[in-house]
Each structure stands twice: as C-alpha cells, then as structure tokens.
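# Residue-level structural notes
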Amino acid sequence: MKKRIAIFASGSGSNAQKIMEHFKYSDDAEVALVLSNNPEAYVLQRADNFEIPSHVFDRHDFYQTDEIVSLLKRLEIDLVVLAGFLWLVPQNLLNAFPNKIINIHPSLLPKHGGKGMYGDRVHKAVLAAGDEEHGITIHFVNENFDDGEIIYQGRFRVEKGDTLEILKFNGQQLEHLHYPKVLEGLIKKYN
Ligand code: GAR
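Residues numbered from 1 in each chain as written. Predicted model: local features only at pLDDT ≥ 70, side-chain atom pairs only at ≥ 80, totals over all residues. Heavy atoms only, no water.

## Overview of the UniProt feature "binding site: N(1)-(5-phospho-beta-D-ribosyl)glycinamide" (unreviewed entry) in the protein
In this structure's numbering, the residues bearing the UniProt feature "binding site: N(1)-(5-phospho-beta-D-ribosyl)glycinamide" (unreviewed entry) are Gly13, Ser14 and Asn15. Turning to its location among the elements, Ser14 is positioned in helix 1 (residues 14–24). Of the residues examined, Ser14 reaches a relative accessible area of 18% and is grouped as buried. Ignoring sequence-local partners within four residues, the contact set of Ser14 consists of Arg46, Gln172 and His176. Here Asn15 shows up in helix 1. (UniProt positions renumbered as here; feature names shortened; annotations may be inferred. Helix = DSSP H or I, 4+ residues; strand = E, 2+ residues; numbered from the N terminus. Buried < 20%, exposed > 50% of the residue type's maximum accessible area, 1.4 Å probe, protein only. Contact = heavy atoms within 4.5 Å.)

## A look at the nonpolar core
Grouped together as the largest cluster of nonpolar side chains are 34 residues, with contacts concentrated most on Ile5, Ile7 and Tyr179. The element best represented in this core is helix 7 (residues 164–190), accounting for seven residues. Here Tyr179 is in contact with Asn15, Ile19, Val81, Leu82, Ala83, Ile102, Asn103, Ile104 and Ile138, once residues within four sequence places are set aside. With 23 residues, the next largest nonpolar core counts Ala6, Ala32, Trp87 and Leu93 among its residues. (Core = buried A, V, L, I, M, F, W, Y, C linked by side-chain atoms within 4.5 Å.)

## Here we look at the site of the ligand
For the ligand, the full set of nearby residues is Ser12, Gly13, Ser14, Asn15, Gly84, Ile104, His105, Pro106, Met117, Tyr118, Asp146 and Glu175. Between the ligand and Pro106 there is a distance of 3.4 Å, counted from an oxygen atom to a backbone nitrogen or oxygen. Within the side chain of Glu175, a nitrogen or oxygen atom sits 2.4 Å from an oxygen atom of the ligand. Relative to its unbound accessible surface of 450 Å², the ligand loses 86% to contact with the protein. When contributions to the shell around the ligand are tallied by element, the ones reaching two or more residues are helix 1 and strand 5 (101–105). For the shell around the ligand, the per-class residue count stands at four nonpolar, six polar and two charged. (Near = heavy atom within 4 Å. Polar contact = N/O pair within 3.5 Å; in protein donor to acceptor, adjacent residues only side chain to side chain. Areas by Shrake-Rupley, 256 points an atom, 1.4 Å probe, with all protein chains shown as cover. Nonpolar A, V, L, I, M, F, W, Y, C, P; charged D, E, K, R; others polar.)

Quick look at the structure:
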C-alpha cells in the first residue's frame, strides 16, 4: 500500500511543489491532501494543478477542535509534512502522529529558529551574526517551534559579500533537492 502524505503550507509552496512532483509517479507514496491556514496561499493553486484535494482551516478549527486530526485519519494519512507552515502544531495532532510530522527550516538549527523566525528574517539574522556557514534543517516536529530531533542538515559557505537574496537562493536550492529525498528515505523505512 502506498503511504499517504498530507502537506501543510501557509504560503507559496515551492517545497510542496517539489514534493508533489517527486511522488507523482512513486510506488511508495502519494500526496493525498494539501492543507493551509491561508485561503490566499499559492500552494492551493499548486495542489489544484496536481489535482490533489486541499483544505483550508482557521485558528479555531486547528486549536479548539479535532477537525483536522479527524480529517487526516479519515483520509488514512501516514505522514504529515510541513512546508512553510507557520503555526505551532497543537498537541492533539502531535499525539495522533507520533514521529510522523516533519518540518523543514531554512537555517542550521538550533541556530536562527524559533517563533517568528521564518523567511527573510532567518537570512538577515545569519548576515547580522556574521556566520560563515548557513544551510537547512529537516526535523521531526514537537511542541516547540523548530525544535524536534534533526533528521538531515544541508550546509553551504557564506561568502564575503553574499546578500540576503543569495543566501535565500542557495538555501532554497538545498531545500528543493533534499526535502523530497529525505521524505522518501523515511517512507521506505516505514514500509
Ligand atoms: C521554506 O524556506 C521553509 O524552510 C520555511 O518556509 C519556506 C517556505 O517556502 N519554513 C520555516 O521558516 C519554518 N520555520 P515555500 O512556501 O516556497 O516552500
């Protein structure tokens, strides 16, 4: 049986796109659902392009009800993937999917993670700190922001004169290359 993936994303969804592409013809897994807290998120259009169903929810649904857990269970989801999802995952969802919720973060955690650290803010912090190295982290999700056990880190050197755009581009290339492969590796282990 193919494993079934649900992707949570709040914005553009370029990582979600790479994951949907990667598993489109896979025998191991499929993306069965895309969820977003943001009705304007471009990721919803991307899901549509792949003819993958999507679901939009609000703060009340997510934090005060079991609606999302019930939906994921009803659709027999095996793996929950966060791809640019900016809300903290509530305990009922963590309990329903122990060690089955994965996140990607655009820095070498534990550096430059935590509440409010996303997008350009992360790369600005790297430049401000004068870091010589930067990268990405793929990790299990726990009750804190950007904090669970690390599964994979990809790194690159920060060169003199690098701008925010360069750091962002380098990080994004690493994310797009590695996130689908790391997920595939995890799924193969579950089989
Ligand atoms: C990605 O860079 C991801 O690492 C980051 O959001 C971006 C989403 O881009 N996630 C976080 O910062 C989580 N703390 P995308 O919508 O184009 O995939």
